[in-house]
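# Observations on chain architecture
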Amino acid sequence: MRWPLLFLVLYLLALADGQLEFSPESTELDTGGLSRDSFPKDFIYGTATSAYQVEGAAHQDGRGDSIWDVFLRQPGLEVNNASGEVTVDQYHRYKEDIDLMAKLNFDAYRFSISWSRIFPNGTGKVNWKGVAYYDRLINYMLQKGMFINYLTFVSPFCITPYANLNHYDLPQALQERYNGWLGRQVVKDFADYADFCFKMYGDRVKNWFTFNEPRVVAALGYDNGYFAPSRCSQPYGNCTAGDSGTEPYVAAHNLILCHASAVQRYREKYQKSQKGRIGILLDFVWYEPLTRGKSDEYAAQRARDFHLGWFLHPIVYGEYPKTMQNIVKDRLPKFTKEEVNIVKGSADVIGINQYTAFYMQHVTVNKSMPPGYQNDWQVGFVYEKNGVPIGPKAYSYWLYEVPWGLYKAIMYVKERYGNPTMILAENGMDQPGNVTIPDGLKDTQRVNYYRSYIQQLKKTVDEGANVIGYFAWSLLDNFEWRLGYTSRFGITFVDFKTLKRTPKMSAYWFQKMLSRKH
Ligand code: GAL
């Protein structure tokens, strides 16, 4: 076949595949002035996922259960009894997914390692088949430097792995052995697991995170029980056991010590030779006072302290925020001198997951309620002011599009926490799960969301914030925790029956914005 004819055939094939649906010239792909040049030269652009949400293969090759596997087995808990058992099957389709990242011009992939795939019992015997999976995943990312796709485009760029050691999925064995995050033994067990990962993958992985959103683990797992392991005091959720006034604080304390001990291992044993960096991923909603009155201002500040400060304050300053100490009193654990030594300064980089903003107002605490973490905030959440919503709503009940909230959140971290090295580690919005092709591919609202949020991120960098990378959540539609498959966060549409991936308009928007030729 002659070359021009071959190209024509390939082009038509790509069209038929829906891959060229949005031409780069389309005004819908307006980058709003953003390009690779908008940020400093080494700025990293990636997408993020997590093991339980994308891998599937839950019972394959020796993986042990995590607390989410067991939690979701309760019939009727999730719509259609959804779970991550198969999800988008990245365990078998990782090559296709990494090819897609490269094609969309991303530099990096933030994934998480499933602890119970490596240690099915949490500790002890290694599951070498699980170890081998992450070897394949990492190696394929790094090999992308020589990737050739079917439009004969040769990319000299690899996909840099950003590995996160835990994304909510504690091994069930440890839940049973000592109540999981509530048991102090978890600190050593997590450090051993982390140490093993550094040893196995640290020659190739130079960017590590210990945890994704430990606040969500502690608050949703132990204050309202909405997430695994679903513990709480009765009025705050539908749990069979728990104590919302103490357990969230104990779990958080142990999570912070797990983080610090893993960082200590990395620094003492690996960092010098492997030359990587290690940090933690923290969720942060921007809390805007509802009115300019003092009491709402204080309410918003308490919310920031109870949300971000709970974890970031100890990591930067070695203690919990004063607001928390004053309100929670002796229900709040204290760090010993030795613990302060390992906790303070225990991050080379802080990942901030930022999606939304809420208004905050002061409320007087209801004394008839038992103590509880959320109750301790003494705030009311408000989503509109004078009848005007804080921003357009996405599908998730908690997600409003508020780009200025990202600006304020990053500038807050810059000012209050000494401008640490930051990564905007998650950002995105969802559509309802029942959208179909072709409508679901035309995600104009998501394009607007990304454009306006990244413009605000640029503003923070221009004003001196030390942000070195940006990760979109998520590469693919996937298993969205308690919303199962009724929510789609992907820039790539996944047909949950066939698992076929089709990039949405937002994927092409990133491809254009991240284009390396200009
Ligand atoms: C984050 C979480 C992710 C993802 C996302 C969208 O808080 O880390 O796992 O589900 O929210 O809800």
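For the structure itself, look to the data block above.
Remember, it's a predicted structure, so these values are computed and weren't measured experimentally.

Cut-offs used in this document
- Residues numbered from 1 in each chain as written.
- Predicted model: local features only at pLDDT ≥ 70, side-chain atom pairs only at ≥ 80, totals over all residues.
- Heavy atoms only, no water.
- Near = heavy atom within 4 Å.
- Polar contact = N/O pair within 3.5 Å; in protein donor to acceptor, adjacent residues only side chain to side chain.
- Areas by Shrake-Rupley, 256 points an atom, 1.4 Å probe, with all protein chains shown as cover.
- Pairing = 2+ DSSP bridges.
- Helix = DSSP H or I, 4+ residues; strand = E, 2+ residues; numbered from the N terminus.
- Axes fitted to C-alpha atoms, helices over the stretch in contact; angles between N-to-C directions.
- Contact = heavy atoms within 4.5 Å.
- Buried < 20%, exposed > 50% of the residue type's maximum accessible area, 1.4 Å probe, protein only.
- 1 Å grid on protein atoms, 1.4 Å probe; cavity = no way out; pocket = protein on both sides within 12 Å on 5 of 7 lines; lining within 4 Å.
- Points joined across faces, edges and corners; volume = space filled by probe spheres on them.
- Nonpolar A, V, L, I, M, F, W, Y, C, P; charged D, E, K, R; others polar.
- Phe/Tyr/Trp six-rings, centres within 6.5 Å; stacked < 30°, edge-to-face > 60°.
- Lys NZ or Arg CZ within 6 Å of the ring centre and 35° of its normal.

### Concerning the site of the ligand
Residues in close proximity to the ligand include Gln 53, His 167, Tyr 168, Asn 212, Glu 213, Tyr 355, Trp 398, Glu 426, Trp 473, Glu 480, Trp 481 and Phe 489, which together make up its full environment. Between the ligand and Gln 53, the relevant distance is 2.7 Å, taken from an oxygen atom to a side-chain nitrogen or oxygen of the residue. Glu 480 is positioned with one of its side-chain polar atoms (N or O) 2.5 Å from an oxygen atom of the ligand. Bound to the protein, the ligand loses 93% of the 310 Å² it would expose on its own.

### Quick look at the sheet that holds strand β11 (residues 379-382)
With respect to topology, three strands assemble into an open sheet ordered β8-β10-β11, the strand pairing being mixed. Among the strands making up the open sheet, the edge pair consists of β8 (286-289) and β11. Averaged over all pairs of adjacent strands, the angle between their axes in this sheet comes to 40°, without regard to strand direction. As judged from the four bridges shared by strand β10 (residues 357-362) and β11, these two strands associate in the antiparallel manner. Pairing of Gln 361 across the sheet is with Gly 380, part of β11. Here helix α15 (residues 403-416) sits on the sheet in contact with β8 and β10, set at roughly 100° to β8.

### Focus on unusual backbone geometry
A cis amide bond links Ala 228 with the next residue in sequence, Pro 229, at an omega value of 5°. Among the structural elements, Pro 229 can be located in the loop between α9 (214-222) and α10 (247-274). Residue Ser 474 is bonded to the preceding Trp 473 through a cis peptide linkage, with omega at 15°. Even without being a glycine, Gln 378 presents a positive backbone phi close to 55°. Position of Gln 378 relative to the elements: it lies in the loop between α14 (373-377) and β11. Positive phi values are uncommon outside glycine, yet Trp 481 reaches one of about 45°. With respect to the helices and strands, the residue Trp 481 is situated in the loop between β16 (467-472) and β17 (487-488). We classify Trp 481 as buried; its relative accessible area is 5%.

### Looking at the layout of surface pockets
Computed from the structure, the largest pocket encloses a volume of approximately 910 Å³. If you trace the largest pocket, you find 38 residues lining it, with Arg 215, Val 216, Leu 220, Tyr 397 and Trp 398 closest to the centre. For the lining of the largest pocket, the elements supplying multiple residues, two or more each, are α9 and α14. If you tally residues by element for the lining of the largest pocket, the top one is α9, at four residues. Considered class by class, the residues forming the lining of the largest pocket number 22 nonpolar, nine polar and seven charged.

### Here we look at the packing of aromatic side chains
Applying the stated criterion across every chain, the model contains 63 aromatic pairs. When the centroid spacing of 4.8 Å and the interplanar angle of 5° are considered together, the rings of Trp 115 and Tyr 193 count as stacked. You can see Trp 115 sitting in helix α5 (residues 115-118) and its partner Tyr 193 sitting in helix α8 (residues 185-201), a full 78 residues away along the chain. The class for Trp 115 is buried, based on a relative accessible area of 0%. The class of Tyr 193 is buried, set by a relative accessible area of 1%. Above the ring of Tyr 407, the side-chain terminus of Lys 459 is found at 4.2 Å from the ring centroid. The aromatic ring of Phe 493 is capped on one face by Arg 488, whose charged end is 4.1 Å from the ring centroid.

### Observations regarding the environment of Arg 215
Looking at the secondary structure, you find Arg 215 in helix α9. You can call Arg 215 buried: its relative accessible area is 10%. Separated by 72 residues in the primary sequence, Arg 215 and Gln 143 place their C-alpha atoms 35 Å from one another. Ignoring any residue separated from it by four or fewer positions in sequence, one finds Arg 215 in contact with Leu 220, Asp 283, Phe 306, His 307, Trp 310, Phe 311, Tyr 373 and Trp 377. At a separation of 3.3 Å, a polar atom in the side chain of Arg 215 contacts the side chain of Tyr 373.

### A few points about the environment of Lys 512
One can find Lys 512 in helix α17 (residues 505-513). On the basis of relative accessible area, Lys 512 is assigned to the partly exposed category, the value being 31%. On a C-alpha basis, the gap between Lys 512 and Asp 30 in space is 8.9 Å, while along the polypeptide they are 482 residues apart. Filtering out sequence-adjacent residues up to four positions away, Lys 512 remains in contact with Pro 24, Ser 26, Leu 29 and Thr 31.

Geometric values such as these leave the question of function open.
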